[in-house]
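Listed below are the residues making up each chain.
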Amino acid sequence: MTPFVLQCGQTLVPIALSSLALITASVVPTRGDCDAALSEIDGIADARIVVLGTDAALAAVLTRLMRKDRLDIELAYVPETASEASHLYRIGTGSRAAKVALSGTATPIPLIRDDLGTAVVGRAVLTGPSGLLTGEAYVDDTRLFSGTVPGVEVAPTLEMPGLRARVQGRRGLFRAKWVAGRAMQLGTPAARLTKDGVASTRDAVRSTIYRHHEQWLLVR
């Protein structure tokens, strides 16, 4: 295993990773950042990219690997602070996550994406442009809601079928049960999608988040 550290923004580099090859990138890596990193590891059969940054940074790198058909590359994640993805993958943060990045084993897990071809690694949230979300949503054949709700949350799972979704509660007073499936589909007059903390710039009348036909290699 040959690890390369992708430092996204000004994220601190844990001591355990300080002697490794370092590649710098934007806080949320651009297509050019990701391609530059891939060129650095080109020809290295056992390369492992250690993403040092946020959930959005990890999602950007995974998205580029998916689009470049390079899901054979191992990805490790070292967040500075706790996040949706760090909780889901149980990798810790900072120095603890750095140790996992070096000593962990890459295992295939479901890859969740939206209909624009963008990966989701921690949490996607759908809301109405001004708050409440109106429409109808299904997880596979199970209706999630019909009418008006505060919003919908979608998260990856470590095992099949690949994702789970639920209706958000009003002011945190109501926590609906998760519904697991392969895909969540929403039809609505208008929805605002936020993926791993990054909000879309346009509203959508339809949104689908689903399991990609290939898995990705996460170091845990």
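For the structure itself, look to the data block above.
The shown structure was predicted, so the numbers you read here are calculated from the model rather than taken from an experiment. (Residues numbered from 1 in each chain as written. Predicted model: local features only at pLDDT ≥ 70, side-chain atom pairs only at ≥ 80, totals over all residues. Heavy atoms only, no water.)

Student: Give me helix 4 (residues 94-103): which residues, what numbers.
Tutor: For helix 4, the complete set of buried residues consists of Gly 94, Ala 97, Ala 98, Val 100 and Ala 101. Buried residues in helix 4, looked at end-on, bunch into an arc of 160 degrees, giving them a common side. Facing away from the buried surface of helix 4 by more than 90 degrees, the exposed residues are Ser 95, Arg 96, Lys 99 and Ser 103. Those residues of helix 4 that are buried are in contact with strand 3 (47-53), strand 4 (74-79) and strand 15 (204-219). (Buried < 20%, exposed > 50% of the residue type's maximum accessible area, 1.4 Å probe, protein only. Helix = DSSP H or I, 4+ residues; strand = E, 2+ residues; numbered from the N terminus. Arc of directions from axis to C-beta. Contact = heavy atoms within 4.5 Å.)

Student: Report on the pattern of salt bridges, specifying residues and quantitative values.
Tutor: What the rule picks out here adds up to nine salt bridges. The residue Arg 123 makes a salt bridge to Glu 84 at a minimum N-O spacing of 2.9 Å. Taken as a pair, Arg 123 in the loop between strand 6 (119-120) and strand 7 (124-127) and Glu 84 in helix 3 (residues 84-89) lie far apart in primary sequence, 39 residues in all. Taking relative accessible area as the criterion, Arg 123 reaches 17% and is therefore assigned buried. (Salt bridge = Lys/Arg side-chain N within 4 Å of Asp/Glu carboxyl O.)

Student: Before we move on, can you summarise the nonpolar core with the specific residues and values?
Tutor: Ranked by size, the top nonpolar core spans 35 residues in total, and within it Val 51, Leu 75, Tyr 89 and Trp 216 carry the most contacts. With seven residues, helix 2 (residues 55-67) is the largest single contributor of residues to this core. Not counting residues up to four positions away in its chain, the partners in contact with Trp 216 are Leu 58, Leu 62, Leu 71, Leu 75, Tyr 89, Thr 107, Pro 108, Ile 109, Pro 110 and Leu 111. In terms of nonpolar packing, the next biggest core, distinct from the first, is built from 21 residues, Phe 145, Val 154, Leu 163 and Val 167 among them. (Core = buried A, V, L, I, M, F, W, Y, C linked by side-chain atoms within 4.5 Å.)

Student: Explain unusual backbone geometry to me, using residue names and the numbers behind them.
Tutor: Cis rather than trans, the peptide bond between Met 160 and Pro 161 has omega equal to 15 degrees. If you trace the backbone, Pro 161 turns up in the loop between strand 10 (152-156) and strand 11 (163-167). Notably, Asp 140 is not glycine yet its phi reads approximately 50 degrees, a positive angle. Topologically, Asp 140 is positioned in the loop between strand 8 (133-139) and strand 9 (142-149). Residue classification places Asp 140 among the partly exposed positions, given a relative accessible area of 36%. Even without glycine at this site, Asp 196 takes up a positive phi of about 50 degrees. Tracing the backbone shows Asp 196 in the loop between strand 13 (183-195) and strand 14 (198-199).

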